[in-house]
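What follows is each chain in one-letter form.
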Amino acid sequence: MEFSWGSGQESRRLLLLLLLLATWEAGNGQLHYSVSEEAKHGTFVGRIAQDLGLELAELVPRLFRVASKGRGDLLEVNLQNGILFVNSRIDREELCGRSAECSIHLEVIVDRPLQVFHVDVEVRDINDNPPVFPASQKNLSIAESRPLDSQFPLEGASDADIGENALLTYRLSPNEYFSLEKPSDDELVKGLGLILRKSLDREEAPEIFLVLTATDGGKPELTGTIQLLITVLDANDNAPAFDRTLYKVRLPENVPNGTLVIKLNASDLDEGLNGDIVYSFSNDVLPDVKSKFHIDPITGQIIVKGYIDFEESKSYEIIVEGIDKGQLPLSGHCRVIVEVEDNNDHVPDLEFKSLSLPIREDAPLGTVIALISVSDKDMGVNGLVTCSLTPHVPFKLVSTYKNYYSLVLDSALDRESVSAYELVVTARDGGSPSLWATASVSVEVADVNDNAPAFAQSEYTVFVRENNPPGYHIFTVSARDADAQENALVSYSLVERRVGERALSSYVSVHAESGKVYALQPLDHEELELLQFQVSARDAGVPPLGSNVTLQVFVLDENDNAPALLEPRAGGIGGSVNELVPWSVGAGHVVAKVRAVDADSGYNAWLSYELQPGTGGTRIPFRVGLYTGEISTTRVLDEADAPRHRLLVLVKDHGEPALTATATVLVSLVESGQAPKASSRALSSAVSPEAALVDVNVYLIIAICAVSSLLVLTLLLYTALRCSAPPTEGACAPGKPTLVCSSAVGSWSYSPQRRPRVCSGEGPPKTDLMAFSPSLPDSRDREDQLQTAEESFAKPRQPNPDWRYSASLRAGMHSSVHLEEAGILRAGPGGPDQQWPTVSSATPEPEAGEVSPPVGAGVNSNSWTFKYGPGNPKQSGPEPKKQTQVSFLLRRKGEASQPRQ
């Protein structure tokens, strides 16, 4: 660019004009430079990096590059200083021909982020082409009889330059016969001619030599010459003459061969052969014109014989000669200008300049994905191109500069919904009918780790039998990740915590890839009934995402513990029980009680007692309660009975297979005065149930009030904690599933929150609760029952099938509990009736009315539920005498039973 500086007012105006021009260029997003053609290699063009606002240090990292469609490497940028310079020879005439405007369009592209700039470099013309005539010599034959002012057309010179450099002036060498005709003002008419100013005389000058010089308007001026050899002919006086000297014809492009362009007509005043005219193209007509048109020598019709393309040439100039057949032929001339009309015969051209693929699914809106260039070789409306995109896609086309578009992101992407888009870009011109072209591009959406692994359920319940082998596969967890590749690779691990005194990883492990959960050691139902833990699933993305699933592993009980006899009270020898019984006791007298527990649960812990038959077939006057273990007399003792009896009691559970234990009881018959006081206390407790019941009611009322107060306090404290701290999921969270098991003797349920030891051991001890409604007969009914004990013991019955008790009622080793036999028969009007089940104490000195858990239950239980009801509809229940509703028996875990006063 060239500038000249003045002073004062003129300088300020020029500066203001330059500022306005720079502001206008920045607003249009492009730069303009200029350079002269034929500039030397390395010629400075402009500081392109500085003008684009780019730092020199970021040119190489951002992949600064310059592209020029079809222009080769005429211009280059020095990445060290950001200067645009001439790289190779620039010939304006080769680039743009005779176009008035000539510029090189550059596309400057940088990445990270992707940007494109448009730069126009104007190529200034210099006067480097002299005028050129079609030939170096032209021969003219002119009859001497031609009148003055006759015109003889000549083909003018052409100059490849433009503007002032192509403005030609002609000069004819000095002579007395001819002068130059003034060139036409019509741009399409480039020719000139000679005008005869003096009559010719062949005898005086048969040949005339002239030099025609053409000079352009450049600085310095360049010239071209042609020699004119004029031969003076004798004879024929009249030359053929056309109707007009200039014809203009409009011809659509792409017309078929043989199409008539124009029919010329020339006349000659001579007669005979001198009046016959032959039409032909002048020797000055270009070969390209002759290849596309043909003239009939007789009729003068010009027809098309080649491909006419508007984009190749917009017009053709044809010089036609009409020559008569005289001995000295004369000729007439005319010009035919054929203007080619444009048709919409070119399909738009689509080209993707740059692609930034794949695109991340979290890419921001407006991200540039591709640059698209469109063009159409047609002109005017036929060359106006508009672009459109496949509908209903999260992308759009944005016009950036002339026929350039950017493909940008228009809405958010989600690879999990659509992983790739097949986009079709359509370019349509404005012709009628319009033509269009399409280009397809596949846009792949790159995955981002935005989906955590998900389990099918938030919680799984697994049942495993105890005593499993180490490494036993108990369950397989599986999580799916909607992401792809490494973002979808899921690995599994345990959420480590403490289970009692041990770490969770000492119980179970999970395979990191398959999700298989293994038990590392044999599980013991008596030690751990419920193992609740979490398995974490994490993907391999960055950053990794994960989720947890809760597994509740219920350890099912197996009959692996035999009944265990409790230590006998003082007085036993060698593990046996010694009892002294007076001879005077009656039938049904309780002699002793065998106490046993089973570490198993449920049906496997339900114990029954059997008395082994004596040796020698001797009938002994004793029996044992099937489920109570109480040894009582079956009849009144007499002198025939032996004074000492060795009783073997077989204790058996109900597992499969059943396990047993044997207890030995030594009974000695003594006189009444030798009976121990303990027996007296046992009898007194049996005959005074009403007094004991009153004591029980008092303690129950006190316990209910205490527990109610504790419950209210607990609820208030729980509400306060819930409001002050966010909820956390712990190992002791209440579980949902409940297992209900049934057997021939009853049913029980497993509840995940029933035992403190299934948790991590962190929380306060829980309170045991038992609810039941037994029917307690009065003292008279109790006496009747004692009197009919022998008959009832003879036919023991199993407990009512409608018993419901929790599987958490486990046997402990510090106290024994037994279910009182439910098969006591009582004579009545309707025949023998079955008494409803009651619960009795297993303390060394039982008291009437005390309650305890059912068979196999330990005092540590915290979820006791009893439901009483008749097992057989055909059997009638007991006739109520006096009923006392006992609602709750509460005992805190870890506290021993308090003896009543």
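Residues numbered from 1 in each chain as written. Predicted model: local features only at pLDDT ≥ 70, side-chain atom pairs only at ≥ 80, totals over all residues. Heavy atoms only, no water.

This next bit is on the pattern of salt bridges. Counted by the stated rule, this structure contains 20 salt bridges. With a closest N to O distance of 3.7 Å, Glu58 and Arg62 form a salt bridge. Residue classification places Glu58 among the partly exposed positions, given a relative accessible area of 25%. Glu312 is the partner of Lys292 in a salt bridge, and the nearest nitrogen-oxygen pair spans 3.7 Å. In this pair, Lys292 sits in helix 4 (residues 287-292) while Glu312 sits in the loop between strand 21 (301-304) and strand 22 (315-324), placing the two residues 20 residues apart along the sequence. (Salt bridge = Lys/Arg side-chain N within 4 Å of Asp/Glu carboxyl O. Buried < 20%, exposed > 50% of the residue type's maximum accessible area, 1.4 Å probe, protein only. Helix = DSSP H or I, 4+ residues; strand = E, 2+ residues; numbered from the N terminus.)

Here 4 strands make up an open sheet; going across it, the order is 1-7-6-3 and the pairing mixed. With partners counted over all chains shown, the strands left at the sheet margins are strand 1 (30-36) and strand 3 (65-67), one partner each. The average angle at which neighbouring strand axes cross in this sheet is 30°, direction not considered. In terms of strand pairing, strand 6 (residues 103-110) meets strand 7 (residues 115-124) through 8 bridges, oriented antiparallel. Its bridge partner lying in strand 7, Val110 is registered against Gln115. (Pairing = 2+ DSSP bridges. Axes fitted to C-alpha atoms, helices over the stretch in contact; angles between N-to-C directions.)

Here the UniProt feature "transmembrane region" (unreviewed entry) sits at residues 698-718. Note that residues 698-718 is 100% helix and 0% strand, and that its end C-alpha atoms are spaced 30 Å apart. (UniProt positions renumbered as here; feature names shortened; annotations may be inferred.)

Take the state of the cysteines next. Enumeration according to the criterion identifies 1 disulfide in this entry. Disulfide pairing is shown between Cys96 and Cys102; the S-S distance is 1.9 Å. Torsion about the S-S bond of the Cys96 and Cys102 cystine: about 65°, corresponding to right-handed handedness. (Disulfide = S-S within 2.5 Å.)

This structure, assessed with the given rule, holds 10 aromatic pairs. Put simply, the rings of Tyr603, Trp606 and Tyr627 touch in pairs and so form one group of aromatic residues. If you follow Lys314 out to its NZ or CZ, it ends over the ring of Phe310, 5.4 Å from the centre. Above the plane of the ring of Tyr507 lies Arg502, whose end atom (NZ or CZ) is 4.6 Å from the centre. (Phe/Tyr/Trp six-rings, centres within 6.5 Å; stacked < 30°, edge-to-face > 60°. Lys NZ or Arg CZ within 6 Å of the ring centre and 35° of its normal.)

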